[in-house]
Amino acid sequence: MPMLDVAYSLVLPVFGVVVVGYVAARFGWFSDSATDGLDKFVFTFAIPALLFRALANTDIPDTLPWGLWGSYYGGILIVWAIGIAVAMALLRRPFKDAIIIGFGGGFSNTVMLGIPIILVAFGDEASVPLFLILAFHGLTVFTICTFLLEMAQAAERHDGTERPDPKRILLDSLKGMARNPLIWALGSGVIFGQTGLTLPGPVDGVLEKLGQAGIPCALFAMGATLSRYEIRRSVGAASQIAVIKLGLHPLIVFALGSYVFALPVMWLKVATVMAAVPSGVYTFIMANRYQAAPGAASSAVVLTTGLSLLTLSAVLTWALSF
């Protein structure tokens, strides 16, 4: 499918809803409290219903997908390391800032953009690799990021004499994972799917309606949330994040999935497209919490989202061509 057709039929409608949300919030037609409420609805009800229903009707592979995890999470770790090295060597940023700059280069907006883009583009066939990527995404990425930031912060406070407690960080991450509605939806959907039962008609209908609301509401909330961030802060670091996130990240994941782990075609498509998704808003949330390059993080979220209108069109054109 030609790139212009992909952009016109798939990407522009998706980003059009994002723009509507952005404009509505920017001009005060949609308040911050309304955005927070919509975001909570998406994260707590709509997207979990979408994922549960998809997985309840999907067969899960019997063997663990080490190749998929190696391709996707290996790609994250590689670009993260590259981002840290470049930020410290070229931008002369301290280690704590470099952690966030590298994090932004490897952390995709999985819920607000990744799930809608992938399911719209590939349908239910993409549910299994999508689930397998999402299953450990938060635990893996946030645990590593928190550990590194805690280590850097402790070193700043005590000249390296204090070290973070790995057990506490892991325990906090597991607690956060246990409270995550997406994890509950993913896990329960898989378990129900393995029972061989079918969802009762009324229950399936409710889940279908909630799931149908999930994608447009997620995109609208994404746009409204972006209106809170500025693109003028730390443009140099934000540009580095954009190059790594939108260019290097999907290339590395594709290379690992193709030449190292030989993934099935659909799994390769899902992993590569997910890697091509722009930086998630949690990049700024983590940066703001630890005061580690918050300007670069907020700028990168906006910049990568805007540029991904072109880069995602290109990646999806490739993915839909075979």
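Residues numbered from 1 in each chain as written. Predicted model: local features only at pLDDT ≥ 70, side-chain atom pairs only at ≥ 80, totals over all residues. Heavy atoms only, no water.

**Quick word on the overall build of the protein**
Summing up its helical and strand segments, the protein has 14 helices and zero strands in all. Each helix and strand of the protein, ordered N terminal to C terminal, gives the series α-α-α-α-α-α-α-α-α-α-α-α-α-α. Counting over 322 residues, the protein shows a buried share of 54%. The contacts in the protein between residues at least 6 apart in sequence include a share of 85% that link residues at least 24 apart. Summed over all atoms, the accessible surface of the protein reaches about 14,300 Å², with 67% contributed by carbon and sulfur. (Helix = DSSP H or I, 4+ residues; strand = E, 2+ residues; numbered from the N terminus. Buried < 20%, exposed > 50% of the residue type's maximum accessible area, 1.4 Å probe, protein only. Contact = heavy atoms within 4.5 Å. Areas by Shrake-Rupley, 256 points an atom, 1.4 Å probe, with all protein chains shown as cover.)

**Structural notes on the pattern of salt bridges**
Summed over all chains, the structure comprises four salt bridges. For Arg 93, the salt bridge goes to Asp 97, with nearest N and O atoms at 3.2 Å. Connected through shared salt-bridge partners, Asp 32, Asp 36 and Arg 228 make up one network. (Salt bridge = Lys/Arg side-chain N within 4 Å of Asp/Glu carboxyl O.)

**Section: the side chain of Ser 127**
Take Ser 127: it is sitting in helix α6 (residues 127–134). Setting aside chain neighbours within four positions, we find Ser 127 in contact with Ala 54, Leu 55, Thr 58 and Leu 119.

**Here's the deal with the confidence of the model for the protein**
A low pLDDT means the predicted coordinates there should not be read in detail. Chain-level statistics for the protein give a pLDDT mean of 85 and a share of 89% at 70 or above. Model confidence for the protein, summarised as mean pLDDT per element, is weakest for helix α8 (residues 166–178) at 68 and strongest for helix α12 (residues 265–276) at 96. (pLDDT = per-residue confidence, 0-100.)

**Side note on the packing of aromatic side chains**
Within this structure, the stated rule accounts for 10 aromatic pairs. When the centroid spacing of 5.4 Å and the interplanar angle of 85° are considered together, the rings of Trp 66 and Trp 69 count as edge-to-face. In this pair, Trp 66 and Trp 69 are both assigned in helix α3 (residues 66–89), three residues apart and thus about one turn of the helix distant. Judged by relative accessible area, Trp 66 falls into the exposed class, the value being 58%. Judged by its relative accessible area of 13%, Trp 69 is buried. Centre to centre, the rings of Phe 103 and Phe 107 are 4.9 Å apart; their planes meet at 10°, and the pair counts as stacked. (Phe/Tyr/Trp six-rings, centres within 6.5 Å; stacked < 30°, edge-to-face > 60°.)

**Looking at empty space enclosed by the protein**
The tally for this structure, following the rule as stated, stands at one cavity of 30 Å³ or more. Here the largest cavity defines a volume of roughly 30 Å³. Grouping the amino acids of the lining of the largest cavity by side-chain chemistry returns seven nonpolar, one polar and no charged. (1 Å grid on protein atoms, 1.4 Å probe; cavity = no way out; pocket = protein on both sides within 12 Å on 5 of 7 lines; lining within 4 Å. Points joined across faces, edges and corners; volume = space filled by probe spheres on them. Nonpolar A, V, L, I, M, F, W, Y, C, P; charged D, E, K, R; others polar.)

**Quick notes on the side chain of Ser 308**
As for its position among the elements, Ser 308 is in helix α14 (residues 294–319). A residue is classified by how much of its surface remains accessible, and Ser 308, at 0% relative accessible area, is buried. With residues near it in sequence (within four places) discarded, Ser 308 still touches Phe 15, Leu 246, Pro 278 and Ser 313.

**Description of the nonpolar core**
If you look at soluble globular proteins, the nonpolar side chains tend to sit buried side by side. Ranked by internal contacts, the top residues of the largest apolar core, which has 93 residues, are Trp 80, Phe 122 and Val 273. Take this core: its biggest share by element is 10 residues, from α14. With sequence-adjacent residues up to four places away left out, Trp 80 is seen in contact with Ile 99, Gly 102, Phe 103, Val 141, Ile 144, Cys 145 and Leu 148. Counting residues in hydrophobic clusters, the runner-up holds six residues, among them Phe 52, Ala 56, Ala 185 and Leu 199. (Core = buried A, V, L, I, M, F, W, Y, C linked by side-chain atoms within 4.5 Å.)

**Notes on unusual backbone geometry**
For Arg 92, which is not glycine, the phi dihedral falls at a positive 60°. Note on placement: Arg 92 falls in the loop between α3 and α4 (95–106). A positive phi angle is found at Ala 262, which is not glycine, with a value near 50°. Here Ala 262 lies in the loop between α11 (235–260) and α12. According to the relative accessible area criterion, Ala 262 is exposed, its value standing at 59%.

**Side note on α6**
Across the eight residues that make up α6, a large majority, eight, are buried. Three or more residues of α6 are buried, namely Ser 127, Val 128, Pro 129, Leu 130, Phe 131, Leu 132, Ile 133 and Leu 134.

**A look at the packing of α4 against α11**
Close contact between α4 and α11 brings their axes to 7 Å; oriented N to C, the two are set at 35°. For the element pair α4 and α11, the recorded crossing hand is right-handed. Contacts between α4 and α11 involve Ile 101, Gly 104, Gly 105 and Gly 106 on the former and, on the latter, Ala 237, Gln 240, Ile 241, Ile 244, Lys 245 and His 249. When the residues that make up the contact of α4 with α11 are grouped by side-chain class, the tally is four nonpolar, five polar and one charged. (Axes fitted to C-alpha atoms, helices over the stretch in contact; angles between N-to-C directions. Left-handed = near helix turned anticlockwise from the far one by under 90°.)

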